[in-house]
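One letter stands for each residue in the lines below.
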Amino acid sequence: MQTVISKLVNQKRQSLGLTIERLAERAGVSISLISRIERGEIDNISLKKLQAIADALGLEMSDFFGEEALTGVHTVALIAYLKSLPEAKRETVAESILRILKL
């Protein structure tokens, strides 16, 4: 789980063009906490702080606890997009994506 959190925080922060300092400011946590998270040096973090970081990055808490193979920043964004669609549209979009992949 620590690797997933570290990887996702780092990738999402960079994709948003945020510095560690700016993310810390947005989340209301220390710069050293963000730095230690990204280096994988945090064994435990309060759910309150993790939620603040998720909010600052536009992530859901569940993104940190998913299957490791599905935690890349683009994968998380695609899953979030699909989840946001009504069921019928979600199936249509998923079907279209699968067709494109088979080309």
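Before any of the text, the structure's been laid out above.
Residues numbered from 1 in each chain as written. Predicted model: local features only at pLDDT ≥ 70, side-chain atom pairs only at ≥ 80, totals over all residues. Heavy atoms only, no water.

Participant: Residue-level account of the overall build of the chain, with values.
Facilitator: Looking only at helices and strands, the chain has six helices and zero strands in total. Reading the chain from its N terminus to its C terminus gives the helix and strand order α-α-α-α-α-α. Overall size of the chain, expressed as C-alpha extent along the three principal axes, is 45 × 25 × 20 Å. Taking all 103 residues of the chain together, 33% fall into the buried category. Look at the contacts in the chain between residues 6 or more apart in sequence, and 53% of them connect residues 24 or more apart. Working note: accessible area of the chain is about 6,700 Å², and carbon and sulfur atoms make up 55% of it. (Helix = DSSP H or I, 4+ residues; strand = E, 2+ residues; numbered from the N terminus. Buried < 20%, exposed > 50% of the residue type's maximum accessible area, 1.4 Å probe, protein only. Contact = heavy atoms within 4.5 Å. Areas by Shrake-Rupley, 256 points an atom, 1.4 Å probe, with all protein chains shown as cover.)

Participant: So what's going on with the environment of Glu 67? Residues and values would help.
Facilitator: With respect to the helices and strands, the residue Glu 67 is situated in the loop between helix 4 (47-57) and helix 5 (73-84). Each C-alpha atom, one on Glu 67 and one on Arg 90, is 21 Å from the other, the two residues being 23 residues apart in sequence.

Participant: With reference to specific residues and values, describe the nonpolar core.
Facilitator: Note on soluble globular proteins: their nonpolar side chains tend to be buried together. Val 9, Ile 53 and Phe 64 are the most contacted members of the largest nonpolar core, which has 22 residues in total. Breaking this core down by element, the ones donating at least two residues are helix 1 (2-15), helix 2 (20-27), helix 3 (31-38), helix 4 and helix 5. A total of five residues in this core trace back to one element, the largest contributor, which is helix 4. Not counting residues up to four positions away in its chain, the partners in contact with Ile 53 are Val 9, Ala 27, Val 29, Leu 33, Ile 34, Ile 37 and Ile 45. (Core = buried A, V, L, I, M, F, W, Y, C linked by side-chain atoms within 4.5 Å.)

Participant: Explain the pattern of salt bridges to me, and be specific about the residues and the numbers.
Facilitator: Counted according to the given criterion, the structure contains four salt bridges. A salt bridge links Glu 38 to Arg 13, with the shortest nitrogen-to-oxygen separation between them at 2.5 Å. Taken together, the residues Glu 38 in helix 3 and Arg 13 in helix 1 connect sequence positions 25 residues apart. A relative accessible area of 9% means that Arg 13 is categorised as buried. Here Arg 22 ties to Glu 25 by a salt bridge, and the two come within 2.7 Å at their closest N and O atoms. Of the two residues, Arg 22 and Glu 25 both sit in helix 2, three residues apart, roughly one turn of that helix. (Salt bridge = Lys/Arg side-chain N within 4 Å of Asp/Glu carboxyl O.)

Participant: A description of the side chain of Glu 38 should follow, citing residues and the corresponding values.
Facilitator: According to the relative accessible area criterion, Glu 38 is buried, its value standing at 16%. Apart from the residues within four sequence positions on either side, Glu 38 is in contact with Ser 6, Val 9, Asn 10, Arg 13 and Ile 20.

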